[in-house]
Amino acid sequence: MTESAFENLLRSIHLPFGELLPDGSTYRVTANDFIHLTDKQRNDLVTLDKFLIVTDKGTKIVGGVLFYGDYDIQITIFPEYRNRHFMSRIHKNGILKAECYPNQRVTLVPNAIDSFDDFKKKHYLLSCIQLRAANIEEVFKHLSFWKYPGIEKYTKESFIAEFS
C-alpha cells in the first residue's frame, strides 16, 4: 500500500476503532474490523490481516503501522506529528514488539532516509524491538551516494558490521 493510501485510510477513521491496547494510545485493527471500512479500503487491505493506529493519548490519530505478515512493516506518522516521539513510544513501551510476528522482517526505504542521523534514529528504534533492517547494504549505498555527513567514516563492511 502506498504511504499516501495508508495515510488517507488512517485519516478517514473515527476513534474508537479496533481494540485499544494496554498503553491506552494504540489501537489494533484486525481483519474482523475491516468490514467497517469502505470497499476500496478493504480492497487495499485484502492481503493483510492487521494494522495499528497510533494516537495522541487515545484521542487523535497521528499515524499507524501496517503489517505485511512477517515479511515487512510500514510505519507512517503524519507530517504534522513527526519528531514528537509518538513512534518511539510504541517501540519503547513494548506494544510494537508484542504485535510483530515471529521472525518479523523489516526493510528501510532508502529514499525515506533524510540523513545519516535519521538512519541512526530509525536503527535505534528498530533495536528497541530487537529488529534489524534486512536491506542494510542498500541503505549504505544510498547514504554513501548522497554523501551524508558521518557516513564517510564507514566502509561497507564496517557499516554492515555495526548496523546489522
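Every chain begins its residue count from 1, and numbering advances along the sequence as written. Thresholds applied to this predicted model are a pLDDT of at least 70 for local features of residues and 80 or more for the giving and counting of side-chain atom pairs; totals over whole chains, interfaces and linings are not thresholded and use all residues. With hydrogens and water stripped out, all remaining heavy atoms of the structure feed into the side-chain values.

### Section: the environment of threonine 2
Part 1 of the argument: Runs of H or I in DSSP of at least four residues are treated as helices and runs of E of at least two as strands, each being numbered from the N terminus. With respect to the secondary-structure elements, threonine 2 resides in the segment before helix H1 (3–12).
Part 2 of the argument: Distance from threonine 2 to alanine 161, taken between C-alpha atoms, is 31 Å for residues 159 residues apart in sequence.

### Re unusual backbone geometry
Apart from glycine, the bulk of residues carry a negative phi angle, and the bulk of peptide bonds sit in the trans form.
Part 1 of the argument: The linkage connecting leucine 15 with the following residue, proline 16, adopts the cis geometry, with an omega of -5°.
Part 2 of the argument: Mapped onto the elements of the fold, proline 16 is located in the loop between H1 and strand S1 (19–20).
Part 3 of the argument: In this structure, lysine 57 is a non-glycine residue whose phi angle is positive, near 55°.
Part 4 of the argument: Assignment of secondary structure puts lysine 57 in the loop between strand S3 (50–56) and strand S4 (60–68).
Part 5 of the argument: Lysine 57 sits in the exposed class, given a relative accessible area of 68%. Only protein chains enter the accessibility calculation, which uses a 1.4 Å probe; a residue is then buried when its area is under 20% of its type maximum, exposed when over 50%, and partly exposed in between.

### Things to note about the nonpolar core
A general trend in soluble globular proteins is that nonpolar side chains are found buried together.
Part 1 of the argument: We define the nonpolar core as a collection of buried residues of types Ala, Val, Leu, Ile, Met, Phe, Trp, Tyr and Cys that are connected through side-chain atoms lying within 4.5 Å of one another. One finds Phe51, Ile53, Phe116, Phe119, Leu143 and Phe159 to be the most contacted residues of the largest nonpolar core, which totals 49 residues.
Part 2 of the argument: The dominant element in this core, judged by the number of residues it contributes, is S4, at five residues.
Part 3 of the argument: The residues touching isoleucine 53, leaving out its near neighbours within four places in the chain, are Leu10, Ile13, Leu15, Phe17, Ser25, Thr26, Tyr27, Val29, Ile61, Gly63 and Gly64. Residues are treated as being in contact if the distance between any of their heavy atoms lies within 4.5 Å.

### Here's the deal with the packing of helix H5 (residues 116–128) against helix H7 (residues 156–163)
Part 1 of the argument: Contact geometry for H5 and H7: axes closest at 12 Å, N-to-C directions at 35°. Of H7, the residues touching H5 (which contributes Phe116, Phe119, Lys120 and His123) are Phe159, Glu162 and Phe163. Every angle, taken between N-to-C directions, lies between 0 and 180 degrees, and every axis is a line fitted to C-alpha atoms, over only the stretch in contact when it is a helix.

### Digging into helix H6 (residues 136–145)
Each α-helix turn comprises 3.6 residues. Residues three or four places apart therefore point the same way.
Part 1 of the argument: Among the residues making up H6, those that are buried are Ile136, Val139, Phe140, His142 and Leu143. For H6, the angular spread of buried residues about the axis comes to 165°, placing them on one side. In H6, those exposed residues whose orientation departs by more than 90 degrees from the buried face are Lys141 and Phe145.
Part 2 of the argument: Lining the buried residues of H6 we find H5 and H7.
Part 3 of the argument: Directly after H6, the chain includes lysine 147, whose backbone phi takes a positive value near 50°. The arc in question is the one spanned by the directions pointing from the helix axis to the C-beta atoms.

### A look at the pattern of salt bridges
Part 1 of the argument: Salt bridge, as used here: a side-chain nitrogen of Lys or Arg that lies within 4 Å of a carboxyl oxygen of Asp or Glu. Taken as a whole and judged by the stated rule, the model has 11 salt bridges.
Part 2 of the argument: Here arginine 28 makes a salt bridge to glutamate 19, at a shortest N to O gap of 2.6 Å.
Part 3 of the argument: By sharing partners, the salt bridges in this structure join Glu19, Arg28, Lys50 and Glu99 into a single network.

### Some thoughts on the sheet that holds strand S5 (residues 72–77)
Part 1 of the argument: Two strands are counted as paired when DSSP detects at least two bridges linking them. Spatially, S1-S2-S3-S4-S5 is the arrangement adopted by the five strands of the open sheet, whose pairing is antiparallel. The sheet is open, and its two borders are formed by S1 and S5, each paired with just one other strand.
Part 2 of the argument: Of the strand pairs in this sheet, strand S2 (residues 26–30) and S3 are connected by five bridges, and their pairing is antiparallel. Looking at the pairing, tyrosine 27 lines up with isoleucine 53 of S3.

### As for the pairing of S5
Part 1 of the argument: With five of six residues buried, S5 is to be regarded as a mostly interior element.
Part 2 of the argument: Pairing analysis gives six bridges linking S4 to S5, with the strands arranged antiparallel. Note on S5: the bridge partner recorded for phenylalanine 67 is isoleucine 73.
Part 3 of the argument: Taking the residues that link successive antiparallel strands as the turn, the S4-S5 hairpin has three residues, and the phi of glycine 69 there is positive, at about 55°.

### Digging into the pairing of S2
Looking along a regular strand, one sees side chains alternate from face to face of the sheet.
Part 1 of the argument: Burial runs high along S2: four of the five residues are buried.
Part 2 of the argument: Across two bridges, the pairing between S1 and S2 is antiparallel. Within S2, the residue paired with leucine 20 across the bridge is tyrosine 27.

Function cannot be inferred from these measures alone, as they are strictly geometric.
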